[in-house]
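# Structural description and commentary
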Amino acid sequence: MLRQISLGTLGLTIGGILTIMGFVAYGADNATLNLVGFFYGIPLLLGGLALKANELKPVPFTQTTSPSALILREQQATDTQNKIRKDITRYCYGQDAHLDTTLSFLGLSPSDQERPTVTGLRETEVNGSYALILEFDSPLIPIDVWQKKQEKMTNYFGPGLKVEITQPSENTIELALINTQKESLVTSH
């Protein structure tokens, strides 16, 4: 829940209210409320502006996750899948883009202008295994470059995951992270 709240918007709202209250209190000659408004409101307002200027919005789910996929997530999702899902579905601050360092490490981000952008994600079942599918807008990095990096991606995202890369439409790449340890994980629960 807290991940879905923009700290920039929260700072702007509370800071704005306190600052306005401070100006009204100043006009009404109320020194205590005046101090609260100015000493707390203005810094919160400025902090909210700074956060809002450097805010990275959560990546939306493009499909509602089915109940069977949720059960598979609970049973099979790896730490890597959970971390990626949680990281890109919350507000972030101080990053250029979601997964920017990962894409750079994998050689899929030669420059900020060429970097693919995560536009959505979905959770599904692939042959009885939990799969997290990341959807990228990739107009400047063609699918053959992505496919050349497939082995590096498999090693990077860790053991227990198979990486599949598809291109459902022009400029769109889908990166599926599919659990490969379903038997051992299901029997261990």
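Residues numbered from 1 in each chain as written. Predicted model: local features only at pLDDT ≥ 70, side-chain atom pairs only at ≥ 80, totals over all residues. Heavy atoms only, no water.

The chain appears in an unreviewed UniProt entry as DUF2854 domain-containing protein from Nostoc flagelliforme CCNUN1.

### Here we look at the UniProt feature "transmembrane region" (unreviewed entry) in the chain
Put simply, the rule is: UniProt positions are given in the numbering used here, feature names are shortened, and annotations may be inferred rather than shown by experiment. In this description a helix means any DSSP run of H or I spanning at least four residues, a strand means any run of E spanning at least two, and both kinds are numbered starting from the N terminus.
In the numbering used here, UniProt assigns the feature "transmembrane region" (unreviewed entry) to residues 7-26 and 32-51. Segment residues 32-51 splits into 100% helix and 0% strand. End C-alpha atoms: 28 Å apart.

### Here's the deal with unusual backbone geometry
This is how it is decided: Three exposure classes are used, based on accessible area relative to the maximum for each residue type with a 1.4 Å probe and protein chains only: buried under 20%, partly exposed in between, and exposed over 50%.
Despite not being glycine, Asp 29 shows a phi value in the positive range, around 65°. Position of Asp 29 relative to the elements: it lies in the loop between helix H1 (7-27) and helix H2 (31-53). Taking relative accessible area as the criterion, Asp 29 reaches 72% and is therefore assigned exposed. Residues other than glycine seldom take positive phi values, yet Leu 99 does so here, at roughly 60°. With respect to the helices, strands and loops of the structure, Leu 99 is situated in the loop between strand S2 (92-93) and helix H5 (100-105). For Leu 99, a relative accessible area of 14% puts it in the buried group.

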